[in-house]
Amino acid sequence: MRGEKMMVRLLISQEWLRRNMTTVGSIVAAIAIIAGFQVINPFFLRYQGIITLVYAMSYFLIAACGLTFVIMMGSFDFSVVSLLKLAALICVLYIDKLGLLVIPLALLICVGFGFINGLLFAKFKVPSFMATLGVSVVVEGIALYLSKGFLHIMYDETFRALAITFIAGLPSIFYWAMGVWIICTFIAICMPFGRRTYAVGGNPIGAGLSGINVERHRICVFMLSSFFAGLAGVLYMAQLGGGSMLIGKDMTIPLFASVVAGGTALTGGVGGPHRTLLGVIIITWIQAGMLMLAIGRDIQMVTFGLIALGMSIVTIDRRRIKIIK
Amino acid sequence: MKIPGRKKLIPPVIIQTLKTHPVIIVLITLFMMFSSLYPERFLTPLNFSTILKQFVTLTLFALGPSIVVVTGSLDLSYVGIWMLGGILVWLLMPILGMFSILVIPLLGLATGFLIGVIQVKAKIPSFILTLSLLVTYSGLTATLSGGYPRPVRGYEFITARLIRYLPTAFLWSIPIIIAAVFIIKRTRIGTYLYAIGSNEEGARLAGINVDKYKILAFTLSGLFTGIGSIILFQHLGGATPVELNLNNLVWPLVAIVLGGTPLIGGSGGPQRTILGALTFTVFYRGLLLSLLHPQAIQLLVGLLLIVSIVVGTRGLKGVTIT
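Residues numbered from 1 in each chain as written. Chains lettered and ligands numbered in written order. Predicted model: local features only at pLDDT ≥ 70, side-chain atom pairs only at ≥ 80, totals over all residues.

On a plain count of helices and strands, chain A comes out with 14 helices and 4 strands. On C-alpha atoms alone, chain A measures out to a radius of gyration of 20 Å, which is about the 20 Å that the 2.2 N^0.38 rule sets for 325 residues. Along the first, second and third principal axes, the C-alpha atoms of chain A reach 75 × 55 × 35 Å. Across the 325 residues in chain A, those meeting the buried criterion constitute 51%. In chain A, the share of contacts with a sequence separation of at least 24, taken over all contacts with a separation of at least 6, comes to 78%. (Helix = DSSP H or I, 4+ residues; strand = E, 2+ residues; numbered from the N terminus. Rg over C-alpha atoms; globule rule 2.2 N^0.38 Å. Buried ≥ 20, exposed ≤ 12 C-beta atoms within 10 Å, placed from the backbone. Contact = placed C-beta atoms within 7 Å.)

Structure follows, in structure tokens:
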């Protein structure tokens, strides 16, 4: 009798472990990474090191939260990095003329491009990857046209204070990122919008039959993703204090890897922004740790490519899908 | 009752061709437009030679992926194969001598096979799989090369000029193009790939070994990219860049989509990609000669990509997209 109970408990715990494998795996990976870097480099978790880590992860988390909604829906948004760049450049170029009004302007432009993304995807039935790739080429063109390829410096102190005011020992961009993360988690878990996103990601046809306006919802999700990309760009510019076309270079794959490493599968319908925090911590802290050890960008790219590959293999639920393109 | 004396203005063969390849109309329109706007710059032998050179570059990049696009998947690894292959040639040159150029097709073959196996067994969407691999390859390229482009001498004979104004790389690309079109149009493999692209479940029920043919499609794509990269390697100066450029990635995709291969799969193929590449090259050269702002050209290229995808996928009802 007792043995049976033990067996049942063991089975339940195994079932629990299997179901939550991605979460447990992410936590284990994060702890292993922190411990590893701390052993190699004792400055990793000193105050100065933590400031570096926070700066590295904050803007990343904002952009990744937006991308998570799109991946949750089973689509992909290639244009996040380009929109981040465009928003940052708009801020630095027009701050003299418009003052702080550039922030709503940049966000509005980003949301507009998000609307175009969603329109191409939902109405014109273009695969989301190609639609957003096309839009991102246009956005890169606009950013290059506006910035003329030069480096621009942000002189406005009120704008910069958005990100680099220290509150309780940490820069304010950290609180922005945490706020965005909490709002995104709230939207995904407690609000109809988030539940609909899960439904559309799990089964678009079923979601349509149960009364969700799938097309409109897809457009809204792309607009949300672009909005957060723009917000990340604005705050990143405030953090950096200047930038050129090189902002966000090679950021696409780490961004994608951080969403997937958190446990949001590419097939859609599972995961969520609450998991993305772990993924962002894993990815950006690897990046920052490697930078502190003076490991170059090329090896980082190899690492992130392999992480993206490995994590997408691990997270995808292969029982549910029959055909994958 | 036949109306006597009425001649057909356009032979039906041409109408049929135009219906299946509407991009020809675009090509002729663009050509007429540019040659009437500034004939002194556009209608020169030098410009035509440049158009051919650029056409070769685009076609050799886009041929392999267009085989994969027929099955409805996407293969973005071509730039990676080209970059890593070039650096491997430089590394292996002291050991293998002239034979080291063969490492590029071998790399292409191995990459294609690897992508195919992972895609079929692990069921990852192919675009993100190949994109991750591409980034990995470009990182490897930068690591192995130490961050500098490494020129390799000794292969100049591949693109030595035979005929004036006619790039030798163009002559080389003709047999490759013919081989790709032959495989997709005249062999069983091609037919099966079209079947998989239009309805994978149906193809499986009809007894086609879908997994095997999907792996084969990716392998063929890698192989064609590899063989093309031998020519491209010398054609573009005997060295490959170590920095990933978005244009290298996007332009072949524009050529594929512009040619009329919808990304959903089931139709199109390399024969249309050639037309797409030619149209895109004429478009690009025409804009470049038009004294427009260079940054505006990139904008127009992006718009062209969007418009051609939208036009290419119109009327495909009942397709689930992701």
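Okay, back to it.
What follows concerns the overall build of chain B. Looking only at helices and strands, chain B has 14 helices and 0 strands in total. The order of helices and strands in chain B, counted from the N terminus, is α-α-α-α-α-α-α-α-α-α-α-α-α-α. Counting only C-alpha atoms, chain B reaches 75 × 60 × 35 Å along its principal axes. A burial count over chain B gives 50% of its 322 residues as buried. Partitioning the contacts of chain B with sequence separation of at least 6, the portion at a separation of at least 24 is 78%.

Taking 1.5 Å of rise per residue, 20 residues should cover 28 Å, and helix α13 (residues 273-292) of chain A covers 28 Å from first to last C-alpha, within 8% of that figure. Looking one or two places after α13 of chain A, you find A294 of chain A, whose phi comes out positive at around 60°. (Expected span 1.5 Å × (residues − 1).)

So, about the interface of chain A and chain B. By a widely used convention, the size of an interface equals the accessible area lost when the partners come together. Listed by partner, the interface residues are 44 residues for chain A and 42 residues for chain B. Those elements that provide at least two residues to the side of chain A that touches chain B are α6 (128-147), α12 (252-262) and α14 (297-315) of chain A. Counting residues per element, the side of chain A that touches chain B draws most heavily on α6 of chain A, at 14 residues. The residue inventory of the side of chain A that touches chain B, partitioned by class, reads 31 nonpolar, 7 polar and 6 charged. (Nonpolar A, V, L, I, M, F, W, Y, C, P; charged D, E, K, R; others polar.)

Next up on the list: the nonpolar core. The biggest cluster of nonpolar side chains holds 186 residues, and the ones touching the most others in it are I62, A63, C91 and L235 of chain A together with V254 of chain B. Among the elements that make up this core, the one with the highest residue count is helix α3 (residues 47-72) of chain A (14 residues). Discounting residues that sit within four places of it in the chain, A63 of chain A has contacts with V80, L84, F228, A229, A232 and L255 of chain A. (Core = buried A, V, L, I, M, F, W, Y, C linked by C-beta atoms within 7 Å.)

Residues and elements named next belong to chain B. Direction vectors running N to C along helix α4 (residues 45-70) and helix α13 (residues 270-288) enclose 140°, while the axes themselves pass 8 Å from each other. If you check the angle between α4 and α13, you find them oblique. The handedness of the crossing between α4 and α13 is right-handed. Here N47, T50, I51, Q54, F55, L58, T59, A62, L63, S66 and I67 of α4 come into contact with α13, specifically with P270, T273, I274, A277, L278, F280, T281, V282 and R285. (Axes fitted to C-alpha atoms, helices over the stretch in contact; angles between N-to-C directions. Parallel < 35°, antiparallel > 145°, perpendicular 65-115°, else oblique. Left-handed = near helix turned anticlockwise from the far one by under 90°.)

Examined against the element boundaries, S145 of chain B turns out to sit in helix α7 (residues 126-145). Setting aside chain neighbours within four positions, we find S145 of chain B in contact with I87, R150 and V242 of chain B.

This paragraph deals with the confidence of the model for chain B. For chain B, per-residue confidence averages 86 on the pLDDT scale, and residues scoring 70 or more make up 94% of the total. Taken over the whole predicted complex, pTM reads 0.88, whereas the ipTM for its chain interfaces reads 0.86. (pLDDT = per-residue confidence, 0-100.)

Moving on to helix α8 (residues 168-186) of chain B. Residues and elements named next belong to chain B. Here α8 is 19 residues long and its end C-alpha atoms lie 27 Å apart, about the 27 Å a rise of 1.5 Å per residue gives. Taken residue by residue, α8 has A169, W172, S173, I177, A180 and I184 as its buried positions. Considering only its buried residues, α8 is in contact with α4, α9 (188-198), α11 (210-235) and α13.

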